[in-house]
Amino acid sequence: LTPVPLRLRVIRYLFWIVVLSLKFLLAMKIFVSVWNATQLLEFVNLGRETPNDILGLWRSSNWAANFYEWTLVWATAFFLFCADTAMWLQVGCM
């Protein structure tokens, strides 16, 4: 491995500590916001459904539509979080 001066190593670690700390705080804010949005829109909360409810309701078109919307909202939030992480990785490694 190529030796890295101590000053540059400290700057890199501080950069990543700051970025990952801010990303953690932002992720918590996004998680709460998406959770509140799913509650406000009255989507299905899959983790709060019992297996018997899921077996009985999964054939319902209304439940299925709410489930797909819930999945898309959470998948979009996760994708944007990953894309933001990739952007910071590019900024930090340049």
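Residues numbered from 1 in each chain as written. Predicted model: local features only at pLDDT ≥ 70, side-chain atom pairs only at ≥ 80, totals over all residues. Heavy atoms only, no water.

S.K.: Give me the pattern of salt bridges: which residues, what numbers.
M.R.: All told, the structure shown has 1 salt bridge when counted by the stated rule. Close ionic contact of K23 with D84 constitutes a salt bridge, the shortest N to O distance being 2.8 Å. Of this pair, K23 sits in helix 1 (residues 6-40) while D84 sits in helix 3 (residues 61-93), and the two are 61 residues apart along the sequence. Overall, K23 belongs to the buried group, its relative accessible area being 7%. Looking at D84, the relative accessible area reads 23%, which means it is partly exposed. (Salt bridge = Lys/Arg side-chain N within 4 Å of Asp/Glu carboxyl O. Helix = DSSP H or I, 4+ residues; strand = E, 2+ residues; numbered from the N terminus. Buried < 20%, exposed > 50% of the residue type's maximum accessible area, 1.4 Å probe, protein only.)

S.K.: Go over the side chain of N66 with me, naming the residues and quoting the values.
M.R.: The residue N66 is located in helix 3 in this model. Given the relative accessible area of 17%, N66 is considered buried. Other than its neighbours up to four places away in sequence, N66 contacts E42, F43 and V44. (Contact = heavy atoms within 4.5 Å.)

S.K.: Could you give me a rundown of the environment of C82, with the residues and numbers involved?
M.R.: Checked against the element boundaries, C82 lands in helix 3. The exposure class assigned to C82 is partly exposed, which follows from its relative accessible area of 33%. Taking C-alpha positions, C82 is 28 Å from W63, a pair spaced 19 residues apart along the chain.

S.K.: Could you give an account of helix 1, naming the residues involved and the relevant values?
M.R.: Its 35 residues give helix 1 an end-to-end C-alpha distance of 50 Å, which sits within 8% of 51 Å, the value for a rise of 1.5 Å per residue. Here helix 1 has its buried residues at V19, K23, V34 and T38. Close packing links the buried residues of helix 1 with helix 3. Looking one or two residues beyond helix 1, the residue adopting positive phi is E42, at roughly 60 degrees. (Expected span 1.5 Å × (residues − 1).)

S.K.: Could you give an account of the nonpolar core, naming the residues involved and the relevant values?
M.R.: Counting 5 residues, the largest nonpolar core is built from V34, F43, W70, W74 and A77. Among the elements that line this core, the one with the most residues is helix 3, at 3 residues. Apart from residues lying up to four places away in sequence, F43 is in contact with T38, N66, E69, W70 and V73. (Core = buried A, V, L, I, M, F, W, Y, C linked by side-chain atoms within 4.5 Å.)

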